[in-house]
Amino acid sequence: VLSMDREYYIDSLKKSNFKITPQRLCIIDYVRNNTPGHFTAEEIFSTVRIEEPTITLATVYNILKALQTAKTIKSFEINGTTWFETNTDFHGNFVCSSCGTISDIDLDEVGILHGVESSGYKIEEANLLLKGLCNNCRMLVHN
């Protein structure tokens, strides 16, 4: 997933009736600079606060919620922590149960969704979380 340009995120906030402030631009820049990737509101807050000391964690959450509403980012939860990501394509998130690394996993969207929908379900949103050992941790266990 290529990093979207700044205007893509600015437009998504404007559509949600958010004014574009220096604080919001800092959050947009953080998201762009961490694409593709996975990040928490707290990580954004601690980084952006250096440049914008008046920012609050609530502001960070509000902007992330607006970007989610505009479908420019997605979120998922692992062990009570909400993670955000810019990859809005159909995929799974793999979390290593040893080191905690989160990776995007390509999945067969047609096969998975067809299998579920053929059972009579209407899917509106999919969020698949896979847990196990990443290649690095698996190698450590076997050595």
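These numbers were taken from a predicted model, which means no experiment stands behind them.

1. Overview of the packing of aromatic side chains
Counted according to the given criterion, the structure contains two aromatic pairs. Between the aromatic rings of Tyr30 and Phe39, the centroid separation amounts to 5.8 Å while the plane-to-plane angle is 85°, which identifies the pairing as edge-to-face. Given a relative accessible area of 0%, Phe39 falls into the buried group.

2. Details of the nonpolar core
Judged by nonpolar contacts, the single largest core of 22 residues is most densely connected at Val31, Phe39, Ile44, Val60, Leu64, Leu67 and Ile73. Listing elements by their share of this core, those giving two or more residues are α1 (6-15), α2 (22-33), α3 (41-51) and α4 (57-69). If you tally residues by element for this core, the top one is α2, at six residues. Beyond its immediate chain neighbours, meaning those up to four positions away, Ile73 contacts Tyr9, Val31, Leu64, Leu67, Gln68, Phe84, Glu85, Thr86 and Thr88. One finds Phe76, Ile78, Val95 and Ile102 within the second-largest nonpolar core, a separate group that totals five residues.

3. So, the pattern of salt bridges
Pairs can form between side chains of opposite charge whenever their charged atoms are close. The tally for this structure, following the rule as stated, stands at two salt bridges. Residue Asp29 pairs with Arg6 through a salt bridge whose shortest N-O separation is 2.9 Å. Highlighted residues: Asp29 in helix α2 and Arg6 in helix α1, separated in sequence by 23 residues. With relative accessibility at 22%, the residue Asp29 sits in the partly exposed group. The salt bridge involving Asp29 is made with Arg32; its shortest N-O contact spans 3.6 Å.

4. Focus: the pairing of strand β2 (residues 74-78)
Taking burial as the measure, the five residues of β2 include four buried ones, the bulk of the element. Here five bridges tie β2 to strand β3 (residues 81-85), and the two strands are oriented antiparallel to one another. Note that in β3 the partner of Ile78 across the bridge is Thr81. Where β2 folds back on β3, the antiparallel hairpin that results is connected by two residues, among which Asn79 adopts a positive phi of roughly 50°.

Scoring rules and cut-offs
Residues numbered from 1 in each chain as written. Predicted model: local features only at pLDDT ≥ 70, side-chain atom pairs only at ≥ 80, totals over all residues. Heavy atoms only, no water. Phe/Tyr/Trp six-rings, centres within 6.5 Å; stacked < 30°, edge-to-face > 60°. Buried < 20%, exposed > 50% of the residue type's maximum accessible area, 1.4 Å probe, protein only. Core = buried A, V, L, I, M, F, W, Y, C linked by side-chain atoms within 4.5 Å. Helix = DSSP H or I, 4+ residues; strand = E, 2+ residues; numbered from the N terminus. Contact = heavy atoms within 4.5 Å. Salt bridge = Lys/Arg side-chain N within 4 Å of Asp/Glu carboxyl O. Pairing = 2+ DSSP bridges.

These figures capture arrangement, not role.
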